[in-house]
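What follows is each chain in one-letter form.
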Amino acid sequence: MNRDDLQLFMTILEENNLIKAAEQLYLSPSTAGSRLRAMEEELGYPLFERRKGVKSALPTSRGLAFSHIASQMLALWNEADQIGGMSDSPFLTIATVDSFLDYNLTPFYRELISLHGFSLDIKCYPADMIYSLVSSKQADVGFALYDISTPHVNVTPLSEDDMVLVVPEGSGLIPAEDCPAQPVHPSVLPPDRELFTGSSANSNIGWGPQFKLWHDRYIRSGSRPLVTATSISILNDFLEAGDYWTIMPSTTAMGLKKQYPVRILPLSPAPPRRTLYMLKHNTPSRISLENMALFTGYLNEYLDRKNSLIL
């Protein structure tokens, strides 16, 4: 049994489904199933119940007890990685939503590496997975768009952002001669031309439960978007041309406008603002605590500079 096996077990437990866990870890279902059976044979007891016709992965009582040990083992592995990097440079593992990368914190990460000598391991996950990774100390810091009550995790609001409408230049959906400052009512937007970031099955993907409530109220609940994607980066290329529209955070939209010919428009009634939360473990290791203190100081400096430019 190795580190990857433990990660597979914990992901099955979190997703409550072997196939979804395999997708998260880029494994085939047959490979994931074989590795799970090998773990159970090594341990000498089943980790999940097998019931005919039941697709959910329900842990056995022993599997649930083993999950606490698996979580501790993964945390220890992560701390061992940190010790390995002590003599070289400060090292942090970051779990983040992908929408807070390209036009938000990526410049900050570049500064950490080039100016402050950090080494970073950055991975993108849905919010619920990010909380789990921080809780089990597999990630030193997490960035998520929702506040989810999770054991051992401190959650701090970091920044807020307006949600705006983005359409390609020349799109016929919103005539260009309309006053740019005039807010667009969401009811005029055709649902079948929407590029939607999220998932119908998981409210912790995309812009979150609050946004979904607003979306369902004003943009015909139950209608099917033209494209639904779990990652905003998948949708960007659609905005080069065509009568498409999407809603995204204003900072992301402004960064996108530097690369694509798009228009950014306000909405009224406006969607809930996007809040970014920073996640830390209640009792991090000594090495993680030292590196996080440096990281947080540099992050606050970066956000102060960024906010001063906006103002």
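In the block above lies the structure referred to throughout.
For clarity, every value in this text was computed on a predicted model and none was experimentally measured.

Looking at this model, I keep getting lost on the overall build of the chain. Mind explaining?
For the chain, the count of helices and strands is 10 helices and 10 strands. Radius of gyration (C-alpha) of the chain: 22 Å, near the 19 Å computed for a compact globule of 311 residues. Overall, the C-alpha framework of the chain stretches about 70 × 55 × 30 Å when taken along its three principal axes. Relative to its 311 residues, the chain shows a buried fraction of 48%. Only carbon and sulfur atoms are counted for the fraction: they give 53% of the accessible area of the chain, which is about 15800 Å². Each charge sign in the chain was given a centre, from 26 positive and 34 negative side chains, and these centres are 5 Å apart.

Explain the sheet that holds strand 10 (residues 274–281) to me, please; I cannot follow it from the model alone.
Strands belonging to one sheet form pairs held by backbone hydrogen bonds; the direction of such a pair is parallel or antiparallel. Ordered by their spatial adjacency, five strands build an open sheet running 2-1-3-10-4, and the pairing between neighbours is mixed. Each edge of the open sheet carries a strand with a single partner, namely strand 2 (119–124) and strand 4 (153–161). The mean angle between the axes of side-by-side strands here comes to 20°, regardless of whether they run parallel or antiparallel. Note: strand 1 (residues 91–96) against strand 3 (residues 141–144), three bridges, orientation parallel. Residue A95 lies in a different strand from strand 3, and its bridge partner there is G142.

Where do I start with the environment of D243 in this structure?
As for its position among the elements, D243 is in the loop between helix 8 (232–235) and strand 8 (246–249). Placed 49 residues apart in sequence, D243 and E194 show a C-alpha to C-alpha distance of 9.1 Å. Beyond its immediate chain neighbours, meaning those up to four positions away, D243 contacts S171, G172, L173 and R193.

Help me out: how do you make sense of the side chain of S285 in this one?
In this structure, S285 sits in the loop between strand 10 and helix 10 (286–310). Taking the relative accessible area as the measure of exposure, S285 reaches 12% and is therefore buried. Polar contacts involving the side chain of S285 include one to the main-chain amide nitrogen of S288, which spans 3.2 Å.

I would appreciate a short explanation of helix 3 (residues 29–43) in the present structure.
Every α-helical turn comprises 3.6 residues, leaving residues that sit three or four positions apart pointing alike. A rise of 1.5 Å per residue sets the reference length of helix 3, with its 15 residues, at 21 Å; its end C-alpha atoms lie 21 Å apart and thus fit the reference within 8%. By the burial criterion, the buried members of helix 3 are A32, G33, L36, M39 and E40. End-on, the buried residues of helix 3 take up no more than an arc of 120°, which puts them together on one face. With respect to the buried face of helix 3, the exposed residues turned more than 90 degrees away are S30, E41 and E42.

Would you take a moment to explain the pairing of strand 10 for this structure?
Every regular strand shows the same layout, with side chains that alternate between the two sheet faces. Most of strand 10 is tucked away: seven of the eight residues are buried. With four bridges joining them, strand 3 and strand 10 adopt antiparallel strand pairing. What sits directly across from A144, in strand 10, is Y277.

Honestly, the sheet that holds strand 8 in this entry has me stumped. Any pointers?
In space, the three strands of this open sheet follow the order 8-5-9, with antiparallel pairing throughout. Each of the sheet's edge strands pairs with one partner strand only, and the pair in question is strand 8 and strand 9 (262–265). Recorded for the sheet is a direction-independent mean angle of 40° between the axes of neighbouring strands. As paired strands, strand 5 (residues 163–168) and strand 8 are joined by four bridges and run antiparallel to one another. What sits directly across from M163, in strand 8, is P249.

So what exactly am I meant to see when it comes to the packing of helix 1 (residues 3–15) against helix 3 here?
Two packed helices can be described by the angle between their axes and the distance between those axes. Where helix 1 contacts helix 3, the axes come no closer than 10 Å and their chain directions differ by 105°. Compared by their axis directions, helix 1 and helix 3 come out roughly perpendicular. Here helix 1 contributes D4, D5, L6, L8, F9 and I12 to the contact with helix 3, which in turn contributes A32, R35, L36 and M39. Here the contact of helix 1 with helix 3 is built from residues that sort into seven nonpolar, no polar and three charged.

Could you clarify how one ought to interpret the layout of surface pockets in this entry?
A probe matching the size of a water molecule, rolled over the atoms, marks out where space remains unfilled. Roughly 1200 Å³ of internal volume is contained in the largest pocket. Every residue lining the largest pocket is counted, 47 residues in all, and those nearest its centre are Q24, C124, Y125, P126 and M129. Where the lining of the largest pocket is concerned, the elements lending two or more residues are helix 1, helix 2 (18–24), helix 4 (61–84), strand 1, strand 2 and helix 6 (127–135). In terms of residue class, the lining of the largest pocket is made up of 22 nonpolar, 14 polar and 11 charged. What the second largest pocket holds in volume is close to 480 Å³.

I'm lost on the pattern of salt bridges in this one. Help?
Think of it this way: side chains of opposite charge can pair up when their charged atoms draw near. On inspection of all chains with the given rule, the structure shows 10 salt bridges. The salt bridge involving D121 is made with K123; its shortest N-O contact spans 2.8 Å. You can call K123 partly exposed: its relative accessible area is 38%.

Can you walk me through helix 6 in this structure?
Counting buried residues along helix 6, eight of its nine residues qualify, which places the element largely inside the surrounding structure. Taken together, the buried positions of helix 6 are A127, M129, I130, Y131, S132, L133, V134 and S135. Its buried side turned inward, helix 6 meets helix 1, strand 1, strand 3, strand 4 and strand 10. In the stretch just after helix 6, K137 is the one whose phi turns positive, near 65°.

Conventions used here
- Residues numbered from 1 in each chain as written.
- Predicted model: local features only at pLDDT ≥ 70, side-chain atom pairs only at ≥ 80, totals over all residues.
- Heavy atoms only, no water.
- Helix = DSSP H or I, 4+ residues; strand = E, 2+ residues; numbered from the N terminus.
- Rg over C-alpha atoms; globule rule 2.2 N^0.38 Å.
- Buried < 20%, exposed > 50% of the residue type's maximum accessible area, 1.4 Å probe, protein only.
- Areas by Shrake-Rupley, 256 points an atom, 1.4 Å probe, with all protein chains shown as cover.
- Lys, Arg positive; Asp, Glu negative; His and termini not counted.
- Charge placed at Lys NZ, Arg CZ, Asp CG, Glu CD.
- Pairing = 2+ DSSP bridges.
- Axes fitted to C-alpha atoms, helices over the stretch in contact; angles between N-to-C directions.
- Contact = heavy atoms within 4.5 Å.
- Polar contact = N/O pair within 3.5 Å; in protein donor to acceptor, adjacent residues only side chain to side chain.
- Expected span 1.5 Å × (residues − 1).
- Arc of directions from axis to C-beta.
- Parallel < 35°, antiparallel > 145°, perpendicular 65-115°, else oblique.
- Nonpolar A, V, L, I, M, F, W, Y, C, P; charged D, E, K, R; others polar.
- 1 Å grid on protein atoms, 1.4 Å probe; cavity = no way out; pocket = protein on both sides within 12 Å on 5 of 7 lines; lining within 4 Å.
- Points joined across faces, edges and corners; volume = space filled by probe spheres on them.
- Salt bridge = Lys/Arg side-chain N within 4 Å of Asp/Glu carboxyl O.

Bear in mind that shape data such as this cannot, by itself, settle questions of function.
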